[in-house]
Amino acid sequence: MNEIKITSKFNIYNNNSELSEQENELLKKAEEARENSYAPYSNFRVGASLLLDNGKIIKGNNQENAAYPSGMCAERVAIWNAASQYPKAKILKIFISASSTTHAVDKPVSPCGSCRQTIAEYEFKQAKDIEIFFTGETGKIIKANSLKDLLPLAFDNSLL
Ligand code: THU
């Protein structure tokens, strides 16, 4: 029996003043998207923005449904929006911002497991790491340099 140890690395920003101008623009787009989310059941609003290698910024937000499992997370709405419009473009960065109409969200909100699996699909497909930034309405911003830091030993099509 061998043991392996997998480590992840994250950058923690105290607030948006530590981000670059372009990263601030992406954060603003994620916040704009968040404000248009449809979240009447959870009151939890999530917005995502993607920077593509063709320079486009694509947005998405969570879309809930009275039949709860039929709803969709912001990250996947944004990714599939991008993939459907620009199937050849690579995703360089993803920004995620969350807020609630019932309480202050002051901690970084990390992507759920299904969204991590979806990001994994595109990171493998494009053979290029995707930077993932996530935050709340206020507070720190966490950056992962790759989905691999959030989902080690991910399932991918080489295992099929
Ligand atoms: N949600 C997202 O949009 N992204 C995530 O990564 C986590 C959860 C949404 C789904 C649902 O509309 C609400 O947040 C509460 O779970």
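Criteria and cut-off values
Residues numbered from 1 in each chain as written. Predicted model: local features only at pLDDT ≥ 70, side-chain atom pairs only at ≥ 80, totals over all residues. Heavy atoms only, no water. Helix = DSSP H or I, 4+ residues; strand = E, 2+ residues; numbered from the N terminus. Buried < 20%, exposed > 50% of the residue type's maximum accessible area, 1.4 Å probe, protein only. Contact = heavy atoms within 4.5 Å. Phe/Tyr/Trp six-rings, centres within 6.5 Å; stacked < 30°, edge-to-face > 60°.

*Asks:* Explain the environment of Phe-10 to me, and be specific about the residues and the numbers.
*Replies:* Relative to the elements of secondary structure, Phe-10 occurs in strand 1 (residues 10-13). Of the residues examined, Phe-10 reaches a relative accessible area of 35% and is grouped as partly exposed. Along the sequence, Phe-10 and Asn-145 sit 135 residues apart, while their C-alpha atoms lie 7.2 Å from each other. The contact partners of Phe-10, leaving out residues within four places of it in the chain, are Ile-142, Lys-143, Ala-144, Asp-149 and Leu-150.

*Asks:* Tell me about the packing of aromatic side chains, residues and numbers included.
*Replies:* Any pair of aromatic rings gets described here by the distance separating the centres and the angle formed by the planes. Inspection of the entire model under this criterion finds three aromatic pairs. Judged by centre distance (6.2 Å) and plane angle (25 degrees), the ring pair of Tyr-13 and Phe-133 falls under stacked. Of this pair, Tyr-13 sits in strand 1 while Phe-133 sits in strand 5 (residues 131-135), and the two are 120 residues apart along the sequence. Residues Tyr-13 and Phe-133 agree in their burial class; the two are buried. Ring geometry for Phe-95 against Phe-133: centres 4.1 Å apart, planes inclined by 10 degrees, an arrangement best described as stacked. With Phe-95 in strand 4 (residues 91-100) and Phe-133 in strand 5, this residue pair connects regions lying 38 residues apart in the sequence. Residue classification places Phe-95 among the buried residues on the basis of a relative accessible area of 1%. Given a relative accessible area of 1%, Phe-133 falls into the buried group. Members of the aromatic cluster, connected to one another through ring pairs, are Tyr-13, Phe-95 and Phe-133.

*Asks:* An account of unusual backbone geometry is needed here, citing residue identities and associated values.
*Replies:* Phi is positive for Asn-43, which is not a glycine, with a value near 60 degrees. Inspection of the secondary structure puts Asn-43 in the loop between helix 1 (21-35) and strand 2 (44-52). Using a relative accessible area of 28% as the deciding quantity, one classes Asn-43 as partly exposed. One non-glycine residue, Ala-127, lies in positive phi territory at about 50 degrees. Examined against the element boundaries, Ala-127 turns out to sit in the loop between helix 3 (113-126) and strand 5.

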